[in-house]
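One-letter residues, chain by chain:
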Amino acid sequence: MIIDSCKVIKIMGIVNVNDDSFFSGSRVASVDEFCRRVERFLEEGADIIDIGACSSRPGSVYEGFDTEWARLSPVLKAVAFKYPSVSFSIDTFSAEIVRRAYDTIGRFIVNDISAGEDDGAMIPTVGALGLEYVAMHKRGLPADMSSLCQYTDVVADVIEYFKEFERKAAGFGICNWILDPGFGFAKTVEQSHQMLRRLGEFKGFNRPILVGISRKGLVYKPLGLTPDTCLEETARLHRIAVDAGADILRVHDVGYTIRSLTAGAS
């Protein structure tokens, strides 16, 4: 947690238990490695640990429920046993994953890149369980979303999307949700930067705003870098995001993020 100009910024640390996420440094290959990563992130100051079991990078194809659950189940058992008081989120668009995870660890934050669109049972399930929910904007699927970047005004269009989502969520009793504009998901690099500059326009929803830009193409592509070489530029854009209104940063590098933001605020 960072207190920046009297505002609290939460840090969500990414731990991927799949083997094909776009940044190899986010991946863990065993339950022991998962636990070490979680403990390091907590020591560095993470407020939330985000667990992902399937890649959503551009061009990726979902490997199916059975594969996702086979990856999640062992680490969730560790979560239930070792970290009962830690705040976890699970990056999934599957309502059945949510139900099984809830049965294993109890309450957690559902981090859904589809805002309920990829599984019609998601919104009713989250509402029935009373879980906190991250709703992210995207179009299509990771396999084809890069061809779906046509907007009249990307910020205005995404705002309209969330107005409709808010009505739908309220109908199922979801009142505790977090807004994620979906940087890089069916947005060009320029569109993502435009959303970052105009992030404050999403404040009208009076919801926490989550920004997930860590090591993404909008960070490294304009500079000819790679996900492995853009840490400093990621930190610079995180500062812009915080100044523009971000409440939660979803990051690969917890300690570096906190140090850079703290130094920038001093």
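Thresholds, definitions, all that
Residues numbered from 1 in each chain as written. Predicted model: local features only at pLDDT ≥ 70, side-chain atom pairs only at ≥ 80, totals over all residues. Heavy atoms only, no water. Buried < 20%, exposed > 50% of the residue type's maximum accessible area, 1.4 Å probe, protein only. Helix = DSSP H or I, 4+ residues; strand = E, 2+ residues; numbered from the N terminus. Contact = heavy atoms within 4.5 Å. Salt bridge = Lys/Arg side-chain N within 4 Å of Asp/Glu carboxyl O. 1 Å grid on protein atoms, 1.4 Å probe; cavity = no way out; pocket = protein on both sides within 12 Å on 5 of 7 lines; lining within 4 Å. Points joined across faces, edges and corners; volume = space filled by probe spheres on them. Nonpolar A, V, L, I, M, F, W, Y, C, P; charged D, E, K, R; others polar. Disulfide = S-S within 2.5 Å.

Colleague: Where do I start with helix H4 (residues 122-129) in this structure?
Modeller: An α-helical turn contains 3.6 residues, so any two residues separated by three or four positions project in the same direction. Among all positions of H4, only Met-122, Ile-123, Thr-125, Val-126 and Gly-127 are buried. Contacts from the buried residues of H4 go to helix H3 (95-105), strand E5 (109-112), strand E6 (132-136) and helix H5 (154-171). The first or second residue beyond H4 is Gly-130, which carries a positive phi of 70°.

Colleague: Sorry, what's going on with the environment of Val-38 here?
Modeller: Mapped onto the elements of the fold, Val-38 is located in helix H1 (residues 31-44). The buried category is assigned to Val-38, whose relative accessible area is 0%. Sequence-wise, Val-38 and Asp-50 are twelve residues apart; in three dimensions their C-alpha atoms are separated by 9.5 Å. Every residue in contact with Val-38, bar those within four places of it in the chain, is listed here: Ile-49, Tyr-83 and Phe-88.

Colleague: It is not clear to me how the pattern of salt bridges should be interpreted in this structure. Could you clarify?
Modeller: Opposite charge on two side chains makes pairing possible when the charged atoms of those side chains draw close. All chains considered together, the criterion is met by 20 salt bridges. Residue Glu-201 pairs with Arg-198 through a salt bridge whose shortest N-O separation is 2.7 Å. In this structure Glu-201 comes out as partly exposed when scored by relative accessible area, which is 39%. What emerges from the salt-bridge pattern is a single network uniting Asp-19, Glu-63 and Arg-71.

Colleague: Would you take a moment to explain the layout of surface pockets for this structure?
Modeller: Rolled over the atoms, a probe with the dimensions of a water molecule shows which regions are left empty. The calculated volume of the largest pocket comes to roughly 690 Å³. Residue lining of the largest pocket: 40 residues in total, with Phe-22, Arg-57, Pro-58, Phe-185 and Lys-216 positioned closest to the centre. Residue assignment for the lining of the largest pocket shows that the elements contributing at least two residues are strand E2 (7-16), E5, helix H6 (189-197) and helix H7 (217-220). No other element matches the three residues that H7 contributes to the lining of the largest pocket. Of the residues contributing to the lining of the largest pocket, the split by class is 17 nonpolar, 15 polar and eight charged.

Colleague: Help me understand the state of the cysteines in this model?
Modeller: Cysteine pairs can be linked by a disulfide, which is a covalent bond between their two sulfur atoms. Applying the stated criterion across every chain, the model contains zero disulfides. Unpaired in this structure, Cys-230 has its nearest cysteine sulfur neighbour in Cys-149, at a distance of 19 Å. Classification of Cys-230 as buried rests on a relative accessible area of 1%.

Colleague: Would you mind going over the environment of Gly-217 with me for this structure?
Modeller: With respect to the helices, strands and loops of the structure, Gly-217 is situated in helix H7. Between the C-alpha atom of Gly-217 and that of Gln-150, which follows or precedes it by 67 residues, the distance is 18 Å. Leaving out residues up to four positions away in the same chain, Gly-217 has contacts with Val-189 and Pro-222.

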